Amino acid sequence: MAESSLWDKWVEEALSKLESLKLLRSLRPLYLSNNVGTVGISSEDEYEVFDEMQQWDRSSVLVSISESTYRKWLLEIPSSGDEIVPTEGLAADKFGNCQQQLKRLILFSGNDYLGLSSHPAVRKAAAKAAQDYGMGPRGSALICGYTYHHRLLESSLASLKKKEDCLLCPTGFAANMALMVALGNIPSLLAAGDKALKDEKIAIFSDELNHASIIDGIRLAERQRSVEFFVYKHCDMSHLSTLLSSCKMKKKVVVTDSLFSMDGDFAPMVELVKLRKKHNLLLVIDDAHGTFVCGKNGGGVAEEFNCERDVDICIGTLSKAAGCQGGFIACSKRWKQLIQSRGRSFIFSTATPVPVAAAAHAAVVVAKREMWRRRALWDRVQEFRALTGIPISSPIISLIVGSEEKALKASRQLLKSGFHVTAIRPPTVPPNSCRLRIALSAAHTTDDLKNLISALSGYINFRAVDSSTINIYSKL
């Protein structure tokens, strides 16, 4: 039996068991009336789109910090963020803005890859929905929080990902948690006895550099004692193949980031697809950093590698290139029903506010139509590569400088030069692999890159780059 048929069979059997136990859960979208009693849904034709960068695009990469924050950052003084609150003798103006000197920075550490957070269509969609409906019903999606706005967003994301359906989640973290916990429910639902036997369990194979939400989700699924967890070396298909071949369990799942957030490299999608077919496994990708960024239509890494139909489940987020907030799971209708019935982080979370859902839908439309944004982003990638000689392959640039002290010092030097680039330290990355993580955006200009590289060259030796690992030799 083909891999897709096997997993469809298992999921169908799990759904039948849930139905017999009366544990299937349903989503029933509500239509909301605005303050004049009508039901209003924005048409895609209402969203204004542009052919090139506009002045307001720059607001997604231009930020300011107070002098007190600046000083604390330079001195590495811990902060709870309270210095931004006006204190006695430092009054706020009539708009609530604190009247103190600010230092302007160019942001090179965010994930707003297309600059959509400041797009007029996104702003207007959020403002209109808030004006018409407030925040919308405040309850979980299974109770009263699921509206036509949420359904519209799900449908647009399913279409983008070439999947049958989609399930919205509060965050990308919650999406991974919900899927992994739902996976962990399958063996217990299908077990012949009270507990799943060894050959009834699910084997989950995870890249060693997968996102924390995947790892935590698997750990939570393990507590159900129906999942066994295997970690393969980063993007090492030989190691993964060996693990798969030695595993006797029938139900196999491989889960991986598609574009790794701390290293900026891609998962070997072609090889993963081959292993999927060979071992009848379920292939799950977390496309958080690839969605809207990769592929002609912004469909993500699977579109880029022409394997959308070979990816069974795609996790994504709306808080990066979409410039909004939330997460989603693009999958089949069967999988959606299973996850919404057993994924605890979905079931027990309040639904996304209506203005956020409306803004995210606008972002999906704009991201697909304004293709120049993806071209501009990848132009910046090529320019950075040409200017530095570093063989980067994505908008995520990981400059590994080694010790925590070196990374912090480099970050402070960049701060003095007017750039917001934070040092990434343990536990986010392993000890002695501390780094500067630079994220490029379509809203950055060529001059931004030249100025950043000029600032970096004072303490980064680009000529000594190890092209196989992109380790950077610091001059500090």
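What counts and what doesn't
- Counting starts from 1 at the beginning of each chain's written sequence and moves along it residue by residue.
- Reporting in this predicted model follows two pLDDT cut-offs: at least 70 for local features of residues, and 80 or more for side-chain atom pairs to be given and counted; totals over whole chains, interfaces and linings ignore these cut-offs and use all residues.
- For the side-chain quantities, the full set of heavy atoms in the structure was used; hydrogens and water were omitted.
- Strands are runs of DSSP state E lasting at least two residues, helices are runs of H or I lasting at least four, and both sets are numbered from the N terminus onward.
- Taken over C-alpha atoms, the radius of gyration is set against a globule rule of 2.2 Å times the number of residues to the power 0.38.
- The buried label goes to any residue with under 20% of its type's maximum accessible area, the exposed label to any with over 50%, and the partly exposed label to all in between, with areas taken from a 1.4 Å probe on protein chains only.
- Residue contacts are defined here by distance: any two heavy atoms, one from each residue, within 4.5 Å place the two residues in contact.
- In this scheme, strands are said to pair when DSSP sees at least two bridges between them.
- Lines fitted to the C-alpha atoms define the axes, with helices restricted to the stretch that makes contact. Angles between their N-to-C directions range from 0 to 180 degrees.
- To qualify as a nonpolar core, a set must consist of buried Ala, Val, Leu, Ile, Met, Phe, Trp, Tyr and Cys residues joined through side-chain atoms within 4.5 Å.
- When an angle is under 35 degrees it counts as roughly parallel; over 145 it counts as roughly antiparallel; between 65 and 115 it counts as roughly perpendicular; any other value is oblique.
- Each helix crossing is assigned a hand: it is left-handed if the near helix lies turned anticlockwise from the far helix by less than a right angle, otherwise right-handed if that turn is clockwise.
- Nonpolar residues are Ala, Val, Leu, Ile, Met, Phe, Trp, Tyr, Cys and Pro. Charged residues are Asp, Glu, Lys and Arg, and all others, Gly as well, are polar.
- Counted as a polar contact is a pair of N or O atoms within 3.5 Å, where, for protein atoms, one must be capable of donating a hydrogen and the other of accepting one, and residues adjacent in sequence contribute only when both atoms are in side chains.
- Salt bridge criterion: a side-chain nitrogen from Lys or Arg within 4 Å of a carboxyl oxygen from Asp or Glu.

Asks: Give me the overall build of the protein: which residues, what numbers.
Replies: In terms of regular secondary structure, the protein is built from 16 helices and 15 strands. Its C-alpha radius of gyration of 23 Å places the protein within 12% of the 23 Å reference for a compact globule of 476 residues. Counting only C-alpha atoms, the protein reaches 65 × 65 × 45 Å along its principal axes. Looking at the protein as a whole, 55% of its 476 residues are labelled buried. Expressed as a percentage of contacts within the protein between residues at least 6 apart in sequence, the contacts between residues at least 24 apart total 78%.

Asks: Describe in detail the sheet that holds strand β7 (residues 282-286), supporting the description with residues and values.
Replies: Read from one edge of the open sheet, seven strands run β3-β9-β8-β7-β6-β4-β5, paired in mixed fashion. On the outer flanks of this sheet lie β3 (165-169) and β5 (227-232), each paired with one strand and no other. Recorded for the sheet is a direction-independent mean angle of 20° between the axes of neighbouring strands. Where strand β6 (residues 251-257) meets β7, five bridges bridge the pair, whose relative direction is parallel. Bridge pairing in β7 links Val255 to Val284. Together, β3, β4 (202-207), β5, β6, β7, β8 (313-317) and β9 (327-331) form the strand contacts of helix α6 (residues 172-190), whose direction differs from that of β8 by roughly 150°.

Asks: Hey, could you go over the sheet that holds strand β1 (residues 62-66) for me, with residue numbers and the actual values?
Replies: The three strands lie next to each other as β1-β2-β11, forming an open sheet whose pairing is mixed. Strands at the two margins of the open sheet, each flanked by one partner only, are β1 and β11 (419-420). This element, helix α2 (residues 67-74), spans β1, β2 (102-107) and β11 of the sheet and lies at about 85° to β1.

Asks: Summarise the nonpolar core; cite the residues concerned and give the values.
Replies: Core analysis: the biggest nonpolar cluster contains 91 residues, and Leu157 and Leu456 have the highest contact counts within it. When residues of this core are assigned to their parent elements, the largest contribution, nine residues, is made by helix α13 (residues 354-369). Sequence-distant contacts of Leu456, that is, excluding residues within four places in its chain, are made with Leu399, Leu414, Leu436, Ile438 and Phe462. Among the nonpolar cores identified, the runner-up in size contains 41 residues, and Trp10, Ala141, Ile329 and Trp335 belong to it.

Asks: Account for α2, naming residues and giving values.
Replies: Among the residues of α2, those classed as buried are Ser68, Tyr70 and Trp73. Looking at the packing, one finds that the buried side of α2 touches β1, β2, α15 (404-416) and β11. Looking one or two places after α2, you find Glu76, whose phi comes out positive at around 55°.

Asks: Explain the packing of helix α5 (residues 148-160) against α13 residue by residue, including any values.
Replies: Running from amino to carboxyl end, α5 crosses α13 at an angle of 30°, the nearest separation of the two axes being 9 Å. Considering the angle they form, α5 stands roughly parallel to α13. In this structure, α5 meets α13 at a crossing whose hand is left-handed. Along the contact surface, α5 presents His149, His150, Leu152, Leu153, Ser156, Leu157, Ser159 and Leu160, while α13 presents Val354, Ala357, Ala358, Ala360, His361, Val364 and Lys368. Split by residue class, the contact of α5 with α13 holds nine nonpolar, five polar and one charged.

Asks: I'd like to hear about the side chain of His289, residue by residue, with values.
Replies: Mapped onto the secondary structure, His289 falls in the loop between β7 and α10 (301-304). Separated by 2.7 Å, the side chains of His289 and Tyr113 make a polar contact. Beyond its immediate stretch of four places on either side in the chain, His289 contacts Asn111, Tyr113, Leu259, Ser261, Lys320, Ile396 and Arg437.

Asks: Go over the pattern of salt bridges, please, and point to the residues and values.
Replies: Counted according to the given criterion, the structure contains 22 salt bridges. Where Arg151 meets Glu154, a salt bridge forms, and the shortest distance between an N and an O atom there is 3.0 Å. Taken together, the residues span about one helical turn, with Arg151 and Glu154 both in helix α5 at a distance of three residues.

Asks: Residue-level account of the environment of Leu190, with values.
Replies: Within the fold, Leu190 resides in helix α6. For Leu190, a relative accessible area of 23% translates into the label partly exposed. Taking the C-alpha atoms as reference points, Leu190 and Glu200, separated by ten residues in sequence, lie 7.8 Å from one another. The contact partners of Leu190, leaving out residues within four places of it in the chain, are Trp10, Glu13, Ala14, Glu200 and Lys251.

Asks: A description of the side chain of Ser258 should follow, citing residues and the corresponding values.
Replies: By the secondary structure assignment, Ser258 is in the loop between β6 and α9 (269-279). What Ser258 contacts, discounting residues up to four positions off in sequence, is Asp265, Phe266, Ala267, Ile285, Asp286, Asp287 and Val301.

Asks: A description of the pairing of β8 should follow, citing residues and the corresponding values.
Replies: With five of five residues buried, β8 lies mostly within the body of the structure. Where burial is concerned, the two faces of β8 agree: the one with Ile313, Ile315 and Thr317 and the one with Cys314 and Gly316 are both buried. Inspection of the sheet shows β7 paired to β8 by three bridges, in the parallel sense. Counterpart to Asp286 in the pairing with β8 is Ile315. In the sheet, β8 pairs with β9 via four bridges, with the strands oriented antiparallel. By the bridge assignment, Ile315 is partnered in β9 with Ile329.

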